[in-house]
Structures are given as structure tokens and as C-alpha cells.
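Here is what each chain is made of, one letter per residue.
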Amino acid sequence: MDYSIHDAIEVGFNHVVFIIRKDIEKEFKEVIGDRIAAICASHGVTVDYAFQDINDIPGELPEGRAKPWGTGQAVLAAKKVIKTPFIVINADDYYGKEGFKTVHEYLVNGGKSCMAGFVLKNTLSDNGGVTRGICKMDDQNNLTEVVETKNIVKTADGAEADGKEIDVDSLVSMNMWGLTPYFLDVLEKGFKEFFEKEVPGNPLKAEYLIPIFIGELLKKGKMSVNVLKTNDTWYGMTYHEDVAAVKVSFKKMLENGVYKADLFGDL
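Residues numbered from 1 in each chain as written. Predicted model: local features only at pLDDT ≥ 70, side-chain atom pairs only at ≥ 80, totals over all residues. Heavy atoms only, no water.

Visitor: Would you take a moment to explain the packing of aromatic side chains for this structure?
Guide: Between two aromatic rings, the relevant description is the distance of the centres plus the angle of the planes. Taken as a whole and judged by the stated rule, the model has 20 aromatic pairs. Note on Tyr 3 and Tyr 259: the rings are 4.8 Å apart at their centroids and 75° apart in plane angle, and the pair reads as edge-to-face. Here Tyr 3, found in helix H1 (residues 2-11), pairs with Tyr 259, found in the segment after helix H7 (242-255); they are 256 residues apart in sequence, far enough to count as distant. Note on Tyr 208 and Phe 213: the rings are 5.5 Å apart at their centroids and 55° apart in plane angle, and the pair reads as tilted. Here the aromatic residues Trp 69, Phe 183, Phe 191, Phe 194, Phe 195, Tyr 208 and Phe 213 are joined through ring pairs into a cluster of three or more. Here the basic side chain of Lys 22 rests over the ring of Phe 51, its NZ or CZ set 4.4 Å away from the ring centre. Above the plane of the ring of Trp 69 lies Arg 65, whose end atom (NZ or CZ) is 3.6 Å from the centre. (Phe/Tyr/Trp six-rings, centres within 6.5 Å; stacked < 30°, edge-to-face > 60°. Helix = DSSP H or I, 4+ residues; strand = E, 2+ residues; numbered from the N terminus. Lys NZ or Arg CZ within 6 Å of the ring centre and 35° of its normal.)

Following this line, the structure appears as C-alpha cells:
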């Protein structure tokens, strides 16, 4: 997460919003938040908190529900503190610098909604199969569909999923979205509809997920999302064995000057 915050500040983002549970606020601030807030303050970047609450819903909490409501509700929790175009990321993934740069440029130049499209081969694990949302686009690079493809594994020739060859140069969604405050109004309305239509049939496990919701808007022609290609390698911890490879990759980036040992020292 430190690297993502560094990369966002470096390209011009000036507001960080941590979306967490209220019950971990004290510990989060002690371990991460206060340190990041001090760094941000020294660079003119504001920090806010938004709290995802299982009870913050447009209806009654189903009996026995313990599972959080998903990324859609999480982002919606930040609605009160977001007043400008923004980028959404997963805190525990590494996205590289290019995605932040392209999304920031798109938004500051008046773009409405976009998504960083990562090259599939730059997101695969050496340690097993992964699920990826493969993007389909029109000739203007507007997203038409995200096809969730499970169990994609590396092969000698590229990649395959359940025996079917997959184009490793396909662009995939890693949940790096560029959005506007207007989208939050749409997201809020969608959450009410989700509660009316989806929750009654699956009250304990139904999730309000941003990729699913955006996919529904695309099908209805109610949203346009421009896909911005990024060539950076995405790192996540799909498997425990991925940790060693990620450590090696970050060591190389430090050696090559991509980052400094004092991470925020070059801002």
C-alpha cells in the first residue's frame, strides 16, 4: 500500500481515503495510518477515513449476516469525503506507476470513467491458477464486457484455462478504476436496487461488487468506461509461494532506481 500511495502522490493525486472497519481504526492508525498521514501532510496531501459498516444499508440486516457487503458498499462509504474525480484500488495489491499516471491524466483532462487494463501475462502467478477479468473493448478502447475467467495457468507457450488457450496479451481488470463523484450517486441508487432484488434470494452471501455493477451498467448502455493499457507488472499474494518472488522483484526495482530505499524521499 505504501508503494501505491507513493505512486499516486508522485503523479498528482492529492487526497487519500482509507476505507476500513471502525473496529480496527485505532490499530490501523497506530500501524499504518498515522505514519502515512504525516508523510502526506508534508506533501500537501490530505487523508480521510471512511468506515464500511455492515449495518449501513438501505434496509434491515438479514438475520445471521456476518459477511461484508462488498467493494460497492465500501466505496459508497467514502461518498461524503469524495468531491473530485478519484481512483479506486485494492490496498494489498501492487499496480506499478503507469496505471496511476494514465488514470490521473485521463481524469484531469475531463475523462469521466476509466479502468487500467493490465496485460494478462504481467498478472499471472508461477505457483498456480488465477481468476482474471478479461476485457472486451470496442475500436475506441471503450469497455464492452469483462469476462471472468477462472483457473488461468502459465504454460510453455503462454497461458490456458481448463485446457483452452488464452491470449496472454489480453487486457485484464485488476480493479483499478478511475471514477467521478457522479458515479457515487449512481452507485448509491444501485445499492438500493441490489438490496431489493439480490439480497432476498441470498441474504447471507450476496455481495455488491463494483465490477459486477459496472458490467450491468455497460450492458444497459448507461455507462462508458475507457480502458487505459498499462504495461507494468501487477503483484498480489494469490499463493503463499508468491511472497518470495515478489520480494525479489521489489529488490530489483530498488536496485534499478525505480524506488528509493527511503520510499517517499524522492517526492
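Visitor: Is there a simple way to think about the pattern of salt bridges in this case?
Guide: Two side chains bearing opposite charge may form a pair once their charged atoms approach each other closely. Going through the model one piece at a time under the given rule, you end up with 14 salt bridges. A salt bridge links Lys 22 to Glu 25, with the shortest nitrogen-to-oxygen separation between them at 2.8 Å. On the basis of relative accessibility, which here comes to 51%, the residue Lys 22 falls in the exposed class. On the basis of relative accessible area, Glu 25 is assigned to the buried category, the value being 16%. A salt bridge links Lys 154 to Asp 126; the shortest N-O distance between them is 2.6 Å. (Salt bridge = Lys/Arg side-chain N within 4 Å of Asp/Glu carboxyl O. Buried < 20%, exposed > 50% of the residue type's maximum accessible area, 1.4 Å probe, protein only.)

Visitor: Before we go on, may I ask you to explain the nonpolar core in this structure?
Guide: Within soluble globular proteins, side chains that are nonpolar tend to cluster in buried spots. By size, the foremost hydrophobic cluster in this structure holds 33 residues, and its most contacted members are Trp 177 and Ile 214. When contributions to this core are tallied by element, the ones reaching two or more residues are helix H3 (71-76), strand S3 (86-88), strand S4 (114-119), strand S9 (171-179), helix H5 (181-197) and helix H6 (210-219). Ranked by residues supplied to this core, first place goes to H5 with six residues. In this structure, Ile 214 is in contact with Trp 177, Leu 179, Phe 183, Met 223 and Val 225, ignoring residues within four places of it in sequence. (Core = buried A, V, L, I, M, F, W, Y, C linked by side-chain atoms within 4.5 Å. Contact = heavy atoms within 4.5 Å.)

Visitor: Can you help me understand H7 in this one?
Guide: Residue pairs three or four apart in sequence face the same way in an α-helix, which turns once every 3.6 residues. The terminal C-alpha atoms of H7, which comprises 14 residues, lie 20 Å apart, in line with the 20 Å expected from a rise of 1.5 Å per residue. For H7, the complete set of buried residues consists of Asp 242, Val 246, Ser 249, Phe 250 and Met 253. Taken around the axis of H7, the buried residues stretch over an arc of 95°, which confines them to a single face. Opposite the buried face of H7, by more than 90 degrees, sit the exposed residues Lys 247, Lys 251 and Glu 255. Contact partners of the buried residues in H7: H1. Immediately beyond the C-terminal end of H7, within one or two residues, lies Gly 257, with a positive phi of roughly 80°. (Expected span 1.5 Å × (residues − 1). Arc of directions from axis to C-beta.)

Visitor: Got a minute to help me understand the pairing of strand S5 (residues 130-137) in this structure?
Guide: Two faces make up the sheet, and in a regular strand the side chains alternate between them. Pairing of S5 with strand S6 (residues 143-154) involves seven bridges; the strand directions are antiparallel. Of the residues in S6, the one forming a bridge with Met 137 is Leu 143. Sheet topology places S5 next to S9; two bridges connect them, and they run antiparallel. In the sheet register, Ile 134 faces S9, and the bridge partner there is Val 172. (Pairing = 2+ DSSP bridges.)

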